[in-house]
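Close look at the chain arrangement
Each chain, written out:
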Amino acid sequence: MNIATKPTAQAGTKLPRVNWVEQSPELVKKFTGVATALRASSIEESILNLVNIRASQLNGCSFCLDMHVKQAKMHGERELRLYHLAAWRDSTLFAPRERAALAWTEVLTKLPDQGISDEIYERVRTQLSEKEISDLSFAVMLINSWNRLNVGFKTVPGSADGMYGLDKAGLN
């Protein structure tokens with residue numbers, strides 16, 4: 001869940017533009033409901049963590065990147081894998097199923113002008129079921145939406161740590 005909190009800023013940083021949680025609480029509640037449903041989906045938590053981090057890297061969302069790295073660490077993700085995530089194609093640390101999820105995340109996040117090729121879809125299909133691809137697509141859609149809100153409104157990284165218990169990640 002990526003919810004902005006009351007605007008706060010550290011010395012030398014700017015405050016966010018709008019507290020979109022306060023401005024659109026009904027919509028935030030519905031998005032949060034999708035996030036809750038995804039935790040019970042066919043995609044395991046470890047892959048959802050990787051997907052959230054990778055999409056946030058691609059979108060330049062420092063708030064979501066900060067949040068999801070801390071969540072992944074708290075959920076037992078190995079630190080070296082977090083370091084390798086930006087270069088997952090060249091790393092030996094990711095399983096074929098994770099690679100398929102990351103490839104699907106990237107192609108849905110970037111949406112090539114020519115669309116998504118059958119080759120990429122078939123490569124993903126060898127590792128994930130139709131249900132898993134569908135659930136993963138909703139996860140990618142959701143993180144891209146959170147990224148756009150947090151990038152657009154300049155949500156301060158770490159501003160939700162206390163609310164979500166992310167200070168326990170030991171990465172402050």
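Residues numbered from 1 in each chain as written. Predicted model: local features only at pLDDT ≥ 70, side-chain atom pairs only at ≥ 80, totals over all residues. Heavy atoms only, no water.

This next bit is on the pattern of salt bridges. Summed over all chains, the structure comprises 12 salt bridges. A salt bridge links R97 to E132, with the nearest nitrogen and oxygen atoms 2.9 Å apart. Residue R97 is located in helix 6 (residues 96–110), and its partner E132 is located in helix 8 (residues 130–152); the two are separated by 35 residues in the primary sequence. Residue R97 shares its accessibility class with E132, and that shared class is buried. Among the ionic pairs, E130 bridges to R125, the shortest N-O distance being 3.8 Å. We classify R125 as partly exposed; its relative accessible area is 32%. Taken together, the shared-partner salt bridges in this structure form one network comprising E44, R97 and E132. (Salt bridge = Lys/Arg side-chain N within 4 Å of Asp/Glu carboxyl O. Helix = DSSP H or I, 4+ residues; strand = E, 2+ residues; numbered from the N terminus. Buried < 20%, exposed > 50% of the residue type's maximum accessible area, 1.4 Å probe, protein only.)

Right, let's talk about unusual backbone geometry for a bit. Phi is positive for L111, close to 40 degrees, though the residue is something other than glycine. Take L111: its relative accessible area is 53%, and that puts it in the exposed class. In the Ramachandran plot, K154 falls in the positive-phi region, its phi being about 55 degrees despite a non-glycine side chain. Examined against the element boundaries, K154 turns out to sit in the loop between helix 8 and helix 9 (161–164). Given the relative accessible area of 41%, K154 is considered partly exposed.

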